[in-house]
Amino acid sequence: MSDLAVNAPAVAPETDVAAPRGPRPTRALSRRNIILYGTLIVVAVYYLLPLYVMIMTSLKGMPEIRLGNIFAPPLEMTFEPWVRAWAEACTGLNCDGLSRGFWNSVRITIPSVVVSIAIASVNGYALANWRFKGADAFFTILIFGAFIPYQVMIYPIVIILREMGLYTTLSGLVIVHSIFGMPILTLLFRNYFTSIPEELFKAARVDGAGFWGIYFKIMLPMSLPIFTVAVILQVTGIWNDFLFGVIYTKPDNYPMTVQLNNIVNSVQGVKEYNVNMAATILTGLVPLVIYFVSGKLFVRGIAAGAVKG
Amino acid sequence: MSSISIRELKLNFGSVEVLKQLDLEIEDGEFLVLLGPSGCGKSTLLNCIAGLLDATDGQIFIKGRNVTWEEPKDRGIGMVFQSYALYPQMSVKGNLSFGLRNQRMARDEIEQRVSRAAEMLQIEALLDRKPAALSGGQRQRVAIGRALVRDADVFLFDEPLSNLDAKLRSELRVEIKRLHARLANTMVYVTHDQIEALTLADRIAVMRHGIIQQLADPHTIYDRPANRFVAGFIGSPSMNFLDGNLVRNGSAAAFDLAGQRISVDGYRANGGDLNGGGTAVLGVRPEHVTIQAQSRPDQTIEATVDIEEPMGADSLQWLRVGDQQLSVRKRADVQHEPGSTVHLDFDLAKASLFDANSEQRL
């Protein structure tokens, strides 16, 4: 008591010693917190449970799976299904697992992402900063393209690729992915570059930088967030693509998703649930890793690109 | 020789005419201020001179060379922007040298010019910092430095001080004036701040609706505004406008304000006909009216005291004449009872008379 009295301001009446001061105390188990965290936990469990089942199943042997306890952790943990899924599972005549599809997907995704982002960023930059004649018409047409269901264009593209001699090749698929990424990416980049102050662009022109000079020396270094967004959108989109992969390539060139489908849906022999689970997780790993690595940048970029129309 | 010559310049944005047949000659080494309310076309005109906007019609000459179709970099200009427009990823040094590097200038020469500009603007200590680590005033110094290193014939300022707080603004204003005195370059300065215009300019061009209303030195603009718009735009607190009639008073002309007359003998006319009679507007600044206790025939006007606005050193006394209001600047220690009657003495030599219809100075 005497200690308290010493620390309290001299003018304050004694009754004020216990009066409110400093940060307001909060109760950990308030009603609000219970509802908030309760909801969050329930939703998190709801979404994580399937993943949990998948991981557990992929670590069990087939005899254990047949017991039917899908939630039980493995009694005898084995990584054999993972090895089989990666290197031995059969699709058609090939029995080298998902690894073939993985490398095909890499060879499709990397050039598609690089090409589409390189072109779309220059498009967006030109549309935002260099108002050339017909820019508005060009932009309208491009955006219109984003609203046409792409199923409509599948067959015409087959014909075009055939005429170009690129049907069933990886480069053909790269071209298709690059083109289909164009509307949304251009919109994204245009909006981002529009949000960069115009005076910066004017200053660079007075300083004697040209079209490419301004793009490389001024705009690019300021655009890391939006490039991150574009990379994530494209990598996940192209990696997860199934339709274009199955239509425009042949079995040797199938991307990972198509191969996964063929493994999981194969009708011969026993259904190897553990291998299927492992294969599915392996296929989803790339987009997952990208999200976790760049999550914060992604949110920042989305916000930056979306503000101005 | 005139440094910048603008001939019949027109600029349309779609169907909107932003600049209409604009002619302007700017002398070598002159400090010209483009002044006007927002949307008057002053920044547009500056952007046209810089080459950042293409003219719809007309010609622009800089140093006798027709630059109408030239790129900004080839016009021999340096420009300073309101938002500083520093390249955020480059250091101060990088910002200053960017233009020179684009010209592929020799490294020694760049080094030399950058350090000279940095010294002139006292930013030597900041050369390795990024713009984000600078204060507003420092950023604008760097932006000025960027124009300086280019060794430009013409400096263009687009509201360079508008983003700064009042104290910094007045500091940098003095600095820009000093810079002009030292470099003697032609400078074109856009602002909507009349104090900046009056303190900096050799000549002021007051603009409205894409037309130059008056082009003259600050004294002329202040004392003899060409029309009612210029008169109302310049000066703070702003000019009083009193509606009345020009009448004959014996042999001389007089201004009739709701039945009270004052002689306009001392008025310095612009060549307008004062004897013609008709409605007119008397424009008089608050500091050119004095409050008298005694009336004098044909010299003073009776007014009723209204409220008072103290402004520190002096104060603004509001009064009523009939149903019209006016303000008078007076010493803060002299008090007038609200509702009482006083007599106002107008300094006609510094007042303006405008035609009520054309609003032009008589």
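The model shown is predicted, which means the values in this text are computed figures rather than measured ones.

1. Description of the overall build of chain A
A count of helical and extended segments in chain A gives 14 helices and 0 strands. Overall, chain A shows an N-to-C arrangement of helices and strands of α-α-α-α-α-α-α-α-α-α-α-α-α-α. The C-alpha atoms of chain A give a radius of gyration of 28 Å, which is well past the 19 Å a tight globule of 309 residues would have. The principal-axis extents of the C-alpha atoms in chain A amount to approximately 95 × 75 × 30 Å. By the burial criterion, 40% of the 309 residues in chain A qualify as buried. The long-range fraction of contacts in chain A, counting pairs at least 24 apart against all pairs at least 6 apart in sequence, stands at 70%. Carbon and sulfur atoms make up 69% of the accessible area of chain A, which amounts to about 18,200 Å² in all. Counting 22 positive and 16 negative side-chain charges, chain A places the averaged centre of each group 8 Å from the other.

2. Section: the pairing of strand 3 (residues 31–35) of chain B
Residues and elements named next belong to chain B. Extensive coverage of strand 3 is indicated by the burial of 5 of its 5 residues. Every second residue of strand 3 is oriented toward a common face, with Phe31, Val33 and Leu35 on one face and Leu32 and Leu34 on the other, all of them buried. Bridge count for strand 3 against strand 8 (residues 186–191) is 5 bridges, and the pairing is parallel. Across the sheet, residue Phe31 finds its bridge partner in strand 8, namely Met187. Pairing geometry for strand 3 and strand 9 (residues 203–208), over 4 bridges, is parallel. Paired with Leu32 across the two strands is Arg203, which belongs to strand 9.

3. Overview of the packing of helix 4 (residues 136–148) of chain B against helix 5 (residues 166–183) of chain B
All names here are of chain B. Between helix 4 and helix 5, whose axes approach to 11 Å, the crossing angle comes to 20°. By the angle between their directions, the pair helix 4 and helix 5 is classed as roughly parallel. Note that helix 4 runs across helix 5; the crossing there is right-handed. Contact residues: Gly137, Gln140, Arg141, Ile144 and Leu148 in helix 4; Leu168, Leu172, Glu175, Ile176, Leu179 and Leu183 in helix 5. Along the lines of polarity and charge, the residues of the contact of helix 4 with helix 5 split into 7 nonpolar, 2 polar and 2 charged.

4. Describing the sheet that holds strand 14 (residues 278–284) of chain B
Residues and elements named next belong to chain B. Judged by pairing direction, the sheet is antiparallel, and its 5 strands sit side by side in the order 13-12-11-14-20 without closing on themselves. Bordering the open sheet on either side are strand 13 (260–263) and strand 20 (352–355), each of which pairs with just one other strand. In this sheet, neighbouring strand axes are inclined to one another by 40° on average, regardless of whether the strands run parallel or antiparallel. Here strand 11 (residues 240–249) pairs with strand 14 via 7 bridges, running antiparallel. Its bridge partner being in strand 14, Asn245 is matched across the sheet by Thr279.

5. Describing empty space enclosed by the protein
Throughout the structure, instances matching the rule amount to 2 cavities of 30 Å³ or more. Residue lining of the largest cavity: A:Ala203, A:Val206, A:Asp207, B:Met79, B:Phe81, B:Arg146, B:Ala147 and B:Arg150, and that is the complete set. Mapped by element, the contributors of at least two residues to the lining of the largest cavity are helix 9 (198–206) of chain A together with helix 4 of chain B. Of the residues assigned to the lining of the largest cavity, the class counts are 5 nonpolar, no polar and 3 charged. Each pocket or cavity is described by its volume, and for the second largest cavity that value is around 40 Å³. Residue lining of the second largest cavity: A:Ser105, A:Ile108, A:Thr109, A:Leu173, A:His177, A:Ile238, A:Trp239, A:Asp241 and A:Pro255, and that is the complete set. Broken down by secondary-structure element, the contributors of at least two residues to the lining of the second largest cavity are helix 5 (99–129), helix 8 (170–195) and helix 11 (224–240) of chain A. No other element matches the 3 residues that helix 5 of chain A contributes to the lining of the second largest cavity. Broken down by class, the residue content of the lining of the second largest cavity amounts to 5 nonpolar, 3 polar and 1 charged.

6. What about the side chain of B:Lys42?
All names here are of chain B. Topologically, Lys42 is positioned in helix 1 (residues 42–50). Reaching out from Lys42, the side chain makes a polar contact with the backbone oxygen of Pro37 at a distance of 3.5 Å. Excluding its chain neighbours within four sequence positions, the residues that come into contact with Lys42 are Leu34, Leu35, Gly36, Pro37, Glu159, Val190, Thr191, His192 and Met207.

7. Remarks on the interface of chain A and chain B
Of the residues lining the interface, 14 residues belong to chain A; the matching set on chain B comes to 24 residues. A per-residue breakdown of the area chain A buries against chain B is headed by A:Glu199, A:Val206 and A:Asp207, which together make up 40% of the total. In this assembly, chain A and chain B are joined by 2 salt bridges. Note that A:Arg205 is salt-bridged to B:Glu71, the shortest N-O span being 3.6 Å. Scanning the region where chain A abuts chain B turns up 9 residue pairs in polar contact (both at pLDDT 80 or more). Of all the elements in the fold, those that place two or more residues in the side of chain A that touches chain B are helix 9 and helix 10 (211–219) of chain A. In terms of residue count, helix 9 of chain A provides more of the side of chain A that touches chain B than any other element does, 7 residues in total. Residue composition of the side of chain A that touches chain B, by class: 8 nonpolar, 1 polar and 5 charged.

Quick notes on the rules
Residues numbered from 1 in each chain as written. Chains lettered and ligands numbered in written order. Predicted model: local features only at pLDDT ≥ 70, side-chain atom pairs only at ≥ 80, totals over all residues. Heavy atoms only, no water. Helix = DSSP H or I, 4+ residues; strand = E, 2+ residues; numbered from the N terminus. Rg over C-alpha atoms; globule rule 2.2 N^0.38 Å. Buried < 20%, exposed > 50% of the residue type's maximum accessible area, 1.4 Å probe, protein only. Contact = heavy atoms within 4.5 Å. Areas by Shrake-Rupley, 256 points an atom, 1.4 Å probe, with all protein chains shown as cover. Lys, Arg positive; Asp, Glu negative; His and termini not counted. Charge placed at Lys NZ, Arg CZ, Asp CG, Glu CD. Pairing = 2+ DSSP bridges. Axes fitted to C-alpha atoms, helices over the stretch in contact; angles between N-to-C directions. Parallel < 35°, antiparallel > 145°, perpendicular 65-115°, else oblique. Left-handed = near helix turned anticlockwise from the far one by under 90°. Nonpolar A, V, L, I, M, F, W, Y, C, P; charged D, E, K, R; others polar. 1 Å grid on protein atoms, 1.4 Å probe; cavity = no way out; pocket = protein on both sides within 12 Å on 5 of 7 lines; lining within 4 Å. Points joined across faces, edges and corners; volume = space filled by probe spheres on them. Polar contact = N/O pair within 3.5 Å; in protein donor to acceptor, adjacent residues only side chain to side chain. Buried area = accessible area lost by both parts, 1.4 Å probe. Salt bridge = Lys/Arg side-chain N within 4 Å of Asp/Glu carboxyl O.

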